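Single-letter residue listing:
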Protein chains: 2
Amino acid sequence: MELKGNGHNARYVSVKAMIITIGFFVTATPALGEPEAYTYGKAVIAHRGAPGYLPEHTLESYAMAYGQGADYLEPDLMLTKDGVPIALHDRTLNATTNVAEVFPDRARDDDRHYAIDFTLDEIKQLAVRERVYPASGELVYPDRFPNTHEELVFRVATLAELIELVQGMNHATGRNVGIYPETKASSWHADQGYDFERKLMDVLTEYGYESASDPVIVQSFEAESLQRLRELGCELRLVQLIGGGPSADPMVTPEGLDEIAEYADGIGPSISRIIDSAGEVVDDNALITGAHARDLVVHPWTVRTDRLPDHADSTEALLERLLFDLGADGVFIDQPDAAVAFLRERAER
Amino acid sequence: MELKGNGHNARYVSVKAMIITIGFFVTATPALGEPEAYTYGKAVIAHRGAPGYLPEHTLESYAMAYGQGADYLEPDLMLTKDGVPIALHDRTLNATTNVAEVFPDRARDDDRHYAIDFTLDEIKQLAVRERVYPASGELVYPDRFPNTHEELVFRVATLAELIELVQGMNHATGRNVGIYPETKASSWHADQGYDFERKLMDVLTEYGYESASDPVIVQSFEAESLQRLRELGCELRLVQLIGGGPSADPMVTPEGLDEIAEYADGIGPSISRIIDSAGEVVDDNALITGAHARDLVVHPWTVRTDRLPDHADSTEALLERLLFDLGADGVFIDQPDAAVAFLRERAER
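Every value quoted in this text rests on a predicted model; they were computed, and no experiment measured them. Counting restarts for each chain: residues are numbered from 1 in the order of the written sequence. The naming scheme follows written order: chains are lettered A onward, ligands numbered 1 onward. With the structure being a predicted model, the display of local features is reserved for residues of pLDDT at least 70 and the display and counting of side-chain atom pairs for 80 or more, all residues being used for whole-chain, interface and lining totals. Remark: hydrogens and water are excluded; side-chain values derive from all non-hydrogen atoms of the structure.

**Observations regarding the packing of aromatic side chains**
Residue and element names in this part refer to chain A.
Here comes step 1: Working definition: a ring pair exists when centres of Phe, Tyr or Trp rings (six-membered ring for Trp) sit within 6.5 Å. Plane angles under 30 degrees give stacked, over 60 give edge-to-face, the rest tilted. The full count for this structure, using the stated rule, is 14 aromatic pairs over all chains.
Here comes step 2: Where Phe221 meets Trp301, the ring centres are 5.6 Å apart and the plane angle is 85 degrees; that geometry is what we call edge-to-face. Taken together, the residues span a long stretch of sequence, with Phe221 in the loop between β9 (217-220) and α8 (223-231) and Trp301 in the loop between β12 (297-298) and α11 (315-325) at a distance of 80 residues.
Here comes step 3: Throughout this description, buried means an accessible area under 20% of the type-specific maximum (1.4 Å probe, protein chains only), exposed means over 50%, and partly exposed covers the range between. For Trp301, a relative accessible area of 22% gives the class partly exposed.
Here comes step 4: Here the aromatic residues Tyr72, Tyr180 and Phe332 are joined through ring pairs into a cluster of three or more.
Here comes step 5: Counting as a charge over the ring demands two things of the Lys NZ or Arg CZ atom: a distance within 6 Å of the ring centre and an angle within 35 degrees of the ring normal. The residue whose ring lies beneath Arg108 is Tyr114, and the NZ or CZ to ring-centre distance is 4.5 Å.
Here comes step 6: A cation sits over an aromatic face here: Arg175 above Tyr66, 5.4 Å from the ring centre. Helical segments are the DSSP runs of H or I of at least four residues, strand segments are the runs of E of at least two, and each set is numbered from the N terminus.

Set out below in structure tokens:
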């Protein structure tokens, strides 16, 4: 097969390659289907890859998370100036890349560099670093991957690259690991003149993700984003994220859950919606029981073994409580290996 | 911290970065030391990364292998025109990259493109692909990672990048995973005018690998390469690779092992030196017992779950026989997760 490298991507030029490509999707498409629902009965969602060990949202971090046995690889998504979905949490590139050094004159009035102001080719010129506080340059998680490397360079990944990575690994392993993309700041993207949901659908459809039985779940904090996906004919499973702040309080009422159940297949609540800061179960676990009563799965976020809530004595204790005592169906976690080891050892008891 | 991206690498420009860098090595150096000798008592050596699932020698493949629990990440090494050790098995780039399309006029008379004829900056322009037969373009391992991706691009990795990756992951995980570099075609490099061993020592020393207790083992098929390392004052552990062909027969005699014991700490024999093609134990296991009598560890190669020798009923059966029935101390494997799972389950029995 012939590859032609050009900058950050490669294109096939031979007819044989096209035939093989078609052949790949023919064989790959049946492989799309409910993930191994799940390896250990609960969904281990690799939050931004394996950011506890490698910089978030990089392909290296996703490859590590896959190797650790995650059921889903989770990217937050933002759009580039040319409308390409990329794996990025912030609207700005300052905390996780060297954008200020590469493009010193491209900041907005708030001195921040917004991803939406840069083309993919420009963003591919950036070096991804472990998350820092932009003002001080200090690491947000000092015990995670250091920013001291001088040769090694991580790059911003696109959604398409992540999908090709996971589908290729699924082909090689026989597993059926899914993706769990989030439409980030959808209404803000609309204000900037972009149809985020359309861009996302285009990519997912191109790679064969079309039905509720495919290994993909789309998540958003914005109900309008998920509703927009339905308007576009999206049949994929959708998860409504629910933050811990008062603005999301209406979502956790019976009426709120009724409304969510009309367009979504699950909820992704902050852990604080299930266990409060004092360690008490919130409202007698009404959110999980209410969600399950409406056939909504519950995937709380985010477990960080290096930033456990004060009420948790250990990662295992927190996972036992969320997944088994209280019945959550999976968890977003920065260290997927910890959840996989916990579930495996529990299953082997 | 400020990073400045330039092409394929990043350099720190702020004083703070330098201080942090120094601080990192100060804290990292104690972490260099015997690997978790080994996670399950036998060395799981990730042969070229996790090539059973991701293209060999890429950083993504190494990150996956690390996530799967390997004790050592193994790169074959070749030198670039500018003398930089890179992770590459072949002397030529044709089977694992798109070099023929990017540099059509740079082949030697045999129509092959040799890594030694290209600078690192040139090699960094290449897209790595899953190994193919260059003449036909057919995949060598059709069930491994497909070459159908159109957006995803893998790059050739340098030894320095691999070291920064593994040291950073060790910092974040608290593990002490080692590297297992091979000086490939050392005498051929000498013919081309390069001192391979000096180049390797320079990189390893820069990253703090200096003593026999550090998590690094250097391997070579050429005794002269390992002896040259000793001449240069190398105190690292060395492993003499032993092929299956007649030219290596003298090495497996008592006299041959006596000689190896003078400069090396172990041997890396072809599995065929231990179990013959008929499945019979070779020479009553004299090689392993003879090596152990001389305090030489034994790390046979290469287990491929998708290319088992005819005499092996399963990967587990082959690993049980090599590691426990016959006493090998570790194994080179293309699918590290298979060895880790086998050893873990065996330890939990």
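The discussion continues.
**Some details on the sheet that holds strand β13 (residues 330-333) of chain B**
Residues and elements named next belong to chain B.
Here comes step 1: At least two DSSP bridges between two strands are needed for those strands to be called paired. One open sheet holds the four strands; their spatial order is β7-β4-β3-β13, and the pairing between them is parallel. Of all the strands in the sheet, just β7 (178-179) and β13 have a single pairing partner and so form its edges.
Here comes step 2: Summarising the sheet, strand β3 (residues 43-47) and strand β4 (residues 72-74) pair through three bridges and their orientation is parallel. By the bridge assignment for β4, Ile45 is matched with Tyr72.

**Brief notes about α8 of chain A**
Here comes step 1: Burial in α8 of chain A covers these residues: Ala223, Ser225, Leu226 and Leu229 of chain A.
Here comes step 2: Note on contacts: a residue pair qualifies if any of its non-hydrogen atoms lie within 4.5 Å across the two residues. For α8 of chain A, the elements touching its buried residues are β8 (182-183), α6 (186-191), α7 (196-206), β9, β10 (237-242) and α9 (254-263) of chain A.

**Considerations on the pattern of salt bridges**
All names here are of chain B.
Here comes step 1: Here, a salt bridge means any Lys or Arg side-chain nitrogen found within 4 Å of an Asp or Glu carboxyl oxygen. Here the structure, examined in full by the defined rule, presents 38 salt bridges over all chains.
Here comes step 2: Between Glu56 and Arg131 there is a salt bridge, with the nearest N and O atoms lying 2.8 Å from each other. Taken as a pair, Glu56 in the loop between β3 and α2 (59-67) and Arg131 in the loop between α4 (120-123) and α5 (159-173) lie far apart in primary sequence, 75 residues in all. Across the pair, exposure class does not vary: Glu56 and Arg131 are buried alike.
Here comes step 3: Linking Arg304 and Asp334 is a salt bridge whose minimum nitrogen-to-oxygen distance equals 2.8 Å. Of this pair, Arg304 sits in the loop between β12 (297-298) and α11 (315-325) while Asp334 sits in the loop between β13 and α12 (336-348); the two residues are 30 residues apart in sequence, bridging distant segments of the chain.

**Focus on the nonpolar core**
Here comes step 1: Throughout, nonpolar core names a set of buried Ala, Val, Leu, Ile, Met, Phe, Trp, Tyr and Cys residues whose side chains join them through atoms within 4.5 Å. Counting 190 residues, the largest nonpolar core has Leu73 and Leu204 of chain A together with Leu73 and Leu204 of chain B as the members making the most contacts within it.
Here comes step 2: When sequence neighbours within four positions are dropped, the list of residues in contact with Leu73 of chain A reads Ala46, Tyr62, Ala65, Tyr66, Leu162, Val166, Met169, Val177, Gly178, Ile179 and Tyr180 of chain A.

**Details of the side chain of Glu122 of chain B**
Here comes step 1: Along the chain, Glu122 of chain B turns up in helix α4.
Here comes step 2: For Glu122 of chain B, the residues in contact, after removing those within four places along its chain, are Phe103, Arg106 and Asp117 of chain B.

**So, the packing of α11 of chain B against α12 of chain B**
In a pair of packed helices, the angle between the axes and the distance between the axes together describe the arrangement.
Residues and elements named next belong to chain B.
Here comes step 1: It is the contact of α11 with α12, at a shortest axis distance of 10 Å, that shows an interaxial angle of 70 degrees. Considering their axes alone, α11 and α12 lie roughly perpendicular with respect to each other. Handedness of the α11/α12 crossing: right-handed. Contacts between α11 and α12 involve Thr315, Glu316, Leu319, Glu320, Leu323 and Phe324 from the former and Ala338, Ala339, Phe342, Leu343 and Arg346 from the latter.
Here comes step 2: Each residue gets one label: Ala, Val, Leu, Ile, Met, Phe, Trp, Tyr, Cys and Pro are nonpolar, Asp, Glu, Lys and Arg are charged, and the others, such as Gly, are polar. Tallied by class, residues from the contact of α11 with α12 come to seven nonpolar, one polar and three charged. Helix axes use the C-alpha atoms of the stretch in contact, all axes being lines fitted to C-alpha atoms, and the angles between their N-to-C directions lie in the range 0 to 180 degrees. Between 65 and 115 degrees an angle is taken as roughly perpendicular, under 35 as roughly parallel, over 145 as roughly antiparallel, and anywhere else as oblique. Throughout, a crossing is termed right-handed when the near helix is turned clockwise from the far one, and left-handed when it is turned anticlockwise from it by less than a right angle.

**Remarks on the sheet that holds strand β7 (residues 178-179) of chain A**
Sheets are built from strands that pair by backbone hydrogen bonding, the pairs being arranged parallel or antiparallel.
All names here are of chain A.
Here comes step 1: The four strands lie next to each other as β7-β4-β3-β13, forming an open sheet whose pairing is parallel. Looking at which strands have only one partner, the edges of the open sheet turn out to be β7 and β13 (330-333).
Here comes step 2: Two elements, strand β4 (residues 72-74) and β7, share two bridges in a ladder whose sense is parallel. Opposite Leu73, over in β7, you have Ile179 as the bridge partner.
Here comes step 3: Contacts between helix α12 (residues 336-348) and the sheet are confined to β3 (43-47) and β13, with β3 contributing the most and set at about 165 degrees to the helix.

**Brief notes about the confidence of the model for chain A**
Residue and element names in this part refer to chain A.
Here comes step 1: pLDDT gives the predictor's per-residue confidence on a scale running from 0 to 100. When pLDDT is averaged across chain A, the result is 91; 89% of the residues are at 70 or more.
Here comes step 2: Below a pLDDT of 50 lies the segment residues 1-31, which in the model reaches 64 contacts outside its immediate sequence neighbourhood of four places, other chains included.
Here comes step 3: If you check the scores for this complex, the pTM reads 0.91 and the ipTM reads 0.91.

**Let's talk about the environment of Pro181 of chain A**
Residue and element names in this part refer to chain A.
Here comes step 1: Tracing the backbone through its elements, the reader meets Pro181 in the loop between β7 and β8.
Here comes step 2: Judged by its relative accessible area of 0%, Pro181 is buried.
Here comes step 3: The spatial distance from the C-alpha of Pro181 to the C-alpha of Leu93 is 19 Å, given a sequence separation of 88 residues.

**Things to note about the pairing of β3 of chain B**
Residues and elements named next belong to chain B.
Here comes step 1: β3 sits mainly inside the fold: five of its five residues count as buried.
Here comes step 2: Going residue by residue along β3, you find Ala43, Ile45 and His47 tucked away on one face and Val44 and Ala46 tucked away on the opposite face as well.
Here comes step 3: Seen with its strands pointing away from the viewer, a crossover is right-handed when the path leading from the first strand over the helix to the second is clockwise. In this fold, the crossover linking β3 to β4 by way of α2 has right-handed handedness.

**Some remarks on unusual backbone geometry**
Here comes step 1: Here the residue pair Trp301 of chain A and Thr302 of chain A is connected by a cis peptide bond, since its omega of -15 degrees sits within 30 degrees of zero.
Here comes step 2: Mapping Thr302 of chain A onto the fold places it in the loop between β12 and α11.
Here comes step 3: One non-glycine residue, Asp284 of chain A, adopts positive backbone phi at about 55 degrees.
Here comes step 4: For Asp284 of chain A, the location among the structural elements is in the loop between β11 (266-269) and α10 (286-293).
Here comes step 5: On the basis of relative accessibility, which here comes to 70%, the residue Asp284 of chain A falls in the exposed class.
Here comes step 6: Phi is positive for Ala185 of chain B, close to 50 degrees, though the residue is something other than glycine.
Here comes step 7: You can see Ala185 of chain B is positioned in the loop between β8 (182-183) and α6 (186-191).

**With respect to α5 of chain B**
Here comes step 1: In this model, α5 of chain B (15 residues) spans 21 Å end to end at C-alpha, consistent with the 21 Å of a helix rising 1.5 Å per residue.
Here comes step 2: For α5 of chain B, the tally of buried residues reaches 13 of 15 residues, placing the bulk of the element in the interior. Expected helix span is given by 1.5 Å per residue-to-residue step, counting one fewer step than there are residues.

**Things to note about the pairing of strand β5 (residues 76-79) of chain B**
Residues and elements named next belong to chain B.
Here comes step 1: Covered by surrounding structure in β5 are Asp76 and Met78 together with Leu77 and Leu79, the residues of both alternating faces.
Here comes step 2: Taken together, the two bridges between β5 and β8 define a ladder with parallel strand orientation. Note that in β8 the partner of Leu77 across the bridge is Thr183.
Here comes step 3: For β5 and strand β6 (residues 85-87), the ladder comprises three bridges, and the chain directions are antiparallel. Across the sheet, the residue bridging to Met78 is Ile86, located in β6.
Here comes step 4: Hairpin geometry of β5 and β6 is characterised by an intervening segment of five residues between the two adjacent antiparallel strands and by a positive phi of about 75 degrees at Gly83.

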